[in-house]
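# A look at the structure
Listed below, chain by chain, are the residues.
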Amino acid sequence: MDGNGRWAQRRSLPRTAGHQAAETTVIDIIEAARAAGVEWLSLYAFSTENWSRPGTEVDFLMGLVRRVVRKHAPLLLARGIRCRFLGVADSRIPRELAQDFEDLATLTADNRGMTLTVAFDHGGRRDIVEAARSLIRSRTPADEVTEQLFADHLPFPDTPDVDLVIRTSGEQRISNFMLWQVAYAEWVFPEVLWPDFRALDFLACLHTYRRRDRRFGGVPPRTMGDPS
C-alpha cells in the first residue's frame, strides 16, 4: 500500500495526512475483494524496515492503526472476514495495539468468508530465518528437509502461495514481502497512489491478472514438442 507520503506532499500536507487518507482505501479494497470472491487478501501495513522512519511518524501510525482496528472490527465480523496479523514481533509495538490485534483475531477466528492478513512489523527474510530456526530446534535431519516441510514452519502455514501482488504508486520492488510465498506470483504496478486507489482500480488489476498466462516454469500444452 504505497504512496501515502507522496499523496500528502502533492497537496502540501504532512505525511500523516496521507496515512489518514489511506483508511478509506483499505476498507474499499477489503469490500471489493470480498465482493469479487477473493478468498485470501493480504495488506502490507508496516515492514520491519519501517521502524527506521522518524519516531513521530511511527508513533502516529501506531495510534492510527489502533483506531482503525477498533473502529472497523464490527464490520469485519459482520462480513464474515477472518483477520490475522503477520509479524507483530517487535517489543516496540505498543502493548495496547498488540492486544487489539489479538482480540480481533480471536473475535473473527471462526469466520470463513475471506481471510484478511495484515502484515504488520513483517519481514519476509525474518520469516525464513525463523522457519530455519524452528527446523533446527526440532532436530530435523538436513536430508529430510523439503520445501513443504520448510513451508510448514513459516507463520500461518495454511496460507496459500500468493497469486497476485499489487504495489501501488508505480514502485517496482518486492520490499521484503512474503518472500517465500511470492515465488510465482504475478505482479501489477499501478501508478495510482494508495490513498486514491479504489475498487475499480483493484478490479482492473484482477482483470490484468486473469489475462496472464501462468506457466510456473513450464510451457503451454500447444507448444509441447514443437521446437519452434
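Above this text you will find the structure in question.
A brief look at the structure comes next.

Reading the values: the criteria
- Residues numbered from 1 in each chain as written.
- Predicted model: local features only at pLDDT ≥ 70, side-chain atom pairs only at ≥ 80, totals over all residues.
- Heavy atoms only, no water.
- Helix = DSSP H or I, 4+ residues; strand = E, 2+ residues; numbered from the N terminus.
- Rg over C-alpha atoms; globule rule 2.2 N^0.38 Å.
- Buried < 20%, exposed > 50% of the residue type's maximum accessible area, 1.4 Å probe, protein only.
- Contact = heavy atoms within 4.5 Å.
- Areas by Shrake-Rupley, 256 points an atom, 1.4 Å probe, with all protein chains shown as cover.
- Lys, Arg positive; Asp, Glu negative; His and termini not counted.
- Charge placed at Lys NZ, Arg CZ, Asp CG, Glu CD.
- Core = buried A, V, L, I, M, F, W, Y, C linked by side-chain atoms within 4.5 Å.
- Pairing = 2+ DSSP bridges.
- Axes fitted to C-alpha atoms, helices over the stretch in contact; angles between N-to-C directions.
- Polar contact = N/O pair within 3.5 Å; in protein donor to acceptor, adjacent residues only side chain to side chain.
- Right-handed = clockwise from strand over helix to strand, strands pointing away.
- Phe/Tyr/Trp six-rings, centres within 6.5 Å; stacked < 30°, edge-to-face > 60°.
- Lys NZ or Arg CZ within 6 Å of the ring centre and 35° of its normal.

## Looking at the overall build of the protein
- A tally of helices and strands in the protein yields seven helices and five strands.
- Each helix (α) and strand (β) of the protein, taken in turn from the N terminus, gives the series α-α-β-α-β-α-β-α-α-β-β-α.
- What you see for the protein is a C-alpha radius of gyration of 19 Å, in line with the 17 Å of a compact globule of 228 residues.
- Evaluated residue by residue, the protein yields a buried proportion of 42% over its 228 residues.
- Looking at the protein alone, contacts between residues at least 24 apart form 72% of all its contacts between residues at least 6 apart.
- Carbon and sulfur atoms make up 52% of the accessible area of the protein, which amounts to about 13000 Å² in all.
- Of the charged side chains in the protein, 30 are positive and 31 negative; the average position of the first set lies 4 Å away from that of the second.

## Focus on the nonpolar core
- Among the nonpolar cores identified, the biggest contains 38 residues, and Ile30, Leu116, Phe120 and Phe202 are the most heavily contacted of them.
- Of all the secondary structure elements, the ones that give two or more residues to this core are helix H2 (15–35), strand E1 (40–47), helix H3 (55–78), strand E2 (81–87), helix H4 (95–107), strand E3 (114–122) and helix H7 (199–210).
- Discounting residues that sit within four places of it in the chain, Ile30 has contacts with Leu41, Leu43, Leu76, Ile81, Met114 and Leu116.
- In this structure, Leu86, Ala119, Val165 and Met178 belong to the second largest nonpolar core, which totals nine residues.

## What about unusual backbone geometry?
- The backbone phi angle of Asp121 is positive, close to 60 degrees, even though this residue is not glycine.
- Counting through the fold element by element, Asp121 comes out in strand E3.
- Taking relative accessible area as the criterion, Asp121 reaches 0% and is therefore assigned buried.
- Phi is positive for Ser169, which is not a glycine, with a value near 75 degrees.
- Secondary-structure assignment places Ser169 in the loop between strand E4 (164–166) and strand E5 (186–188).

## A closer look at the sheet that holds E2
- The sheet built from three strands is open, its strands ordered E1-E3-E2 with parallel pairing. On the outer flanks of this sheet lie E1 and E2, each paired with one strand and no other. Ignoring strand direction, the axes of neighbouring strands in this sheet form an average angle of 20 degrees.
- Sheet topology places E1 next to E3; seven bridges connect them, and they run parallel. Bridge pairing in E3 places Leu41 opposite Leu116.
- Contacting E2 and E3, H4 runs over the sheet at an angle of about 145 degrees to E2.
- Taken strand by strand, helix H5 (residues 124–137) contacts E2 and E3, and its axis lies near 95 degrees from that of E3.

## Side note on the side chain of Asn111
- Structurally, the position occupied by Asn111 is in the loop between H4 and E3.
- At 2.9 Å, the side chain of Asn111 forms a polar contact with the backbone oxygen of Ile81.
- Dropping the residues within four chain positions of it, Asn111 is found in contact with Leu76, Leu77, Gly80, Ile81 and Arg82.

## Observations regarding the pairing of E2
- With six of seven residues buried, E2 lies mostly within the body of the structure.
- As defined by bridge partners, E2 adjoins E3 across seven bridges and the pair is classed as parallel. Residue Leu86 lies in a different strand from E3, and its bridge partner there is Ala119.
- Taken together, E2, H4 and E3 form a β-α-β motif whose crossover is left-handed.

## Quick word on the packing of aromatic side chains
- Tallying each qualifying case throughout the model produces eight aromatic pairs.
- A ring pair is formed by Tyr44 and Phe177, whose centres lie 5.0 Å apart and whose planes are at 35 degrees; its orientation type is tilted. Here Tyr44, found in strand E1, pairs with Phe177, found in the loop between E4 and E5; they are 133 residues apart in sequence, far enough to count as distant. You'll find Tyr44 and Phe177 in the same group, each marked buried.
- Stacked on the ring of Phe156, the Lys or Arg Arg84 has its end atom at 4.3 Å from the ring centre.

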